[in-house]
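# Observations on the model geometry
In case you want the letters, here they are:
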Amino acid sequence: MNRGIFISIEGSDGSGKSTQLSYIREYFQNNGMDAVFTREPGGTAIGEKIRAMILDPENEEMCPLTEAMLYAASRAQHVRQLIIPTLESGRHVVCDRFVDSSIAYQGYGRELGDCVAVINGFAVDRCMPDYTFFLDLDPAVGRGRIKSADFDRLEKEKMTFHQRVYDGYVKLIGEDSGRFIRIDASKSVEEVRREIYAHLDRIFSGERRDG
């Protein structure tokens, strides 16, 4: 049995990930391909409890290192309980954010540096995405797309934080350009969808239904 393909979706807040993930789900359904869609933080019962704690706007006193370790804890459970078993069963995994988010948001955004990558090295246990779509959008534009009343704890951070996050993603892409697929998310929703579909066609050329 062949191992499934692991795809992650990354991007700054407001870059359109949720919309494009719904189209990616349709792509798999329309082509008769078996995939598990999941998210981080979360993806498991334990992970979802950690997610609620991390993103709760009332937890303003949470220190950056606690935040980073909670993300890694959720990820460790996610990888071992869901992602690895799913891939080993031959099914594909599509994940809304993965380890790159921690490095960008906590390593660069919170300025914790290399310790975030070290912590998450244990969490992922060499389980990395085969492909990562990065929805590339100016962070100021992305934040403008979100109603301030709907901001979670991280979205409430200052613009300087979100710019550091974006710059972190750019550095990650430069270090692993073979894995990342950079998509211009300033284009229309339909243009972004078509571009992502073209890449998925290439990735799954031997598995799609004809037509």
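These numbers come from a predicted model, not from an experiment.

Below, the discussion takes up the packing of aromatic side chains. For the coordinates displayed, the defined rule picks out nine aromatic pairs. Ring centres of Tyr-27 and Phe-28 lie 6.0 Å apart, and the angle between their planes is 75°; on these two criteria the pair is classed as edge-to-face. Both residues of the pair, Tyr-27 and Phe-28, belong to the buried class. Note on Phe-28 and Phe-37: the rings are 5.8 Å apart at their centroids and 90° apart in plane angle, and the pair reads as edge-to-face. Neither residue differs from the other here; Phe-28 and Phe-37 are each classed as buried.

What follows concerns helix H7 (residues 159–175). Residues spaced three or four apart along an α-helix point in a common direction, a consequence of the helix completing one turn every 3.6 residues. When the terminal C-alpha atoms of H7 are compared, their 25 Å separation across 17 residues agrees well with the 24 Å that a helix rising 1.5 Å per residue should span. Burial in H7 covers these residues: Phe-161, His-162, Val-165, Tyr-166, Gly-168, Tyr-169, Leu-172 and Ile-173. The buried residues of H7 occupy an angular sector of 155° when the element is viewed end-on, so they sit on one face. The exposed set on the far side of H7, more than 90 degrees from its buried face, consists of Thr-160, Gly-174 and Glu-175.

Taken as a whole and judged by the stated rule, the model has 15 salt bridges. Residues Arg-91 and Asp-34 are paired through a salt bridge, measuring 2.9 Å at the closest nitrogen-oxygen approach. You can see Arg-91 sitting in the loop between helix H3 (64–88) and strand S3 (92–96) and its partner Asp-34 sitting in the loop between helix H1 (17–30) and strand S2 (35–39), a full 57 residues away along the chain. On the accessibility criterion, Asp-34 (42% relative accessible area) is partly exposed.

Counting residues in hydrophobic clusters, the biggest one holds 32 residues, and the most contacted among them are Phe-6, Ile-83, Phe-98 and Tyr-105. Going through the elements one at a time, helix H2 (45–55), H3, S3, helix H4 (99–109), helix H5 (115–124) and H7 are the ones with two or more residues in this core. Of the residues forming this core, the biggest block, seven residues, is contributed by H3. Residues contacting Ile-83, with those up to four places away along its chain left out, are Phe-6, His-78, Val-93, Phe-98 and Cys-127.

Looking now at the sheet that holds S3. With parallel pairing, five strands are arranged side by side in an open sheet as S2-S3-S1-S4-S5. The strands lining the two open edges of the sheet, one partner per strand, are S2 and strand S5 (180–184). When strand polarity is set aside, the average angle formed by the axes of neighbouring strands in this sheet is 20°. Lying over the sheet, H4 contacts strand S1 (6–11), strand S4 (131–136) and S5, oriented at roughly 25° with respect to S1.

Criteria and thresholds
- Residues numbered from 1 in each chain as written.
- Predicted model: local features only at pLDDT ≥ 70, side-chain atom pairs only at ≥ 80, totals over all residues.
- Heavy atoms only, no water.
- Phe/Tyr/Trp six-rings, centres within 6.5 Å; stacked < 30°, edge-to-face > 60°.
- Buried < 20%, exposed > 50% of the residue type's maximum accessible area, 1.4 Å probe, protein only.
- Helix = DSSP H or I, 4+ residues; strand = E, 2+ residues; numbered from the N terminus.
- Expected span 1.5 Å × (residues − 1).
- Arc of directions from axis to C-beta.
- Salt bridge = Lys/Arg side-chain N within 4 Å of Asp/Glu carboxyl O.
- Core = buried A, V, L, I, M, F, W, Y, C linked by side-chain atoms within 4.5 Å.
- Contact = heavy atoms within 4.5 Å.
- Pairing = 2+ DSSP bridges.
- Axes fitted to C-alpha atoms, helices over the stretch in contact; angles between N-to-C directions.

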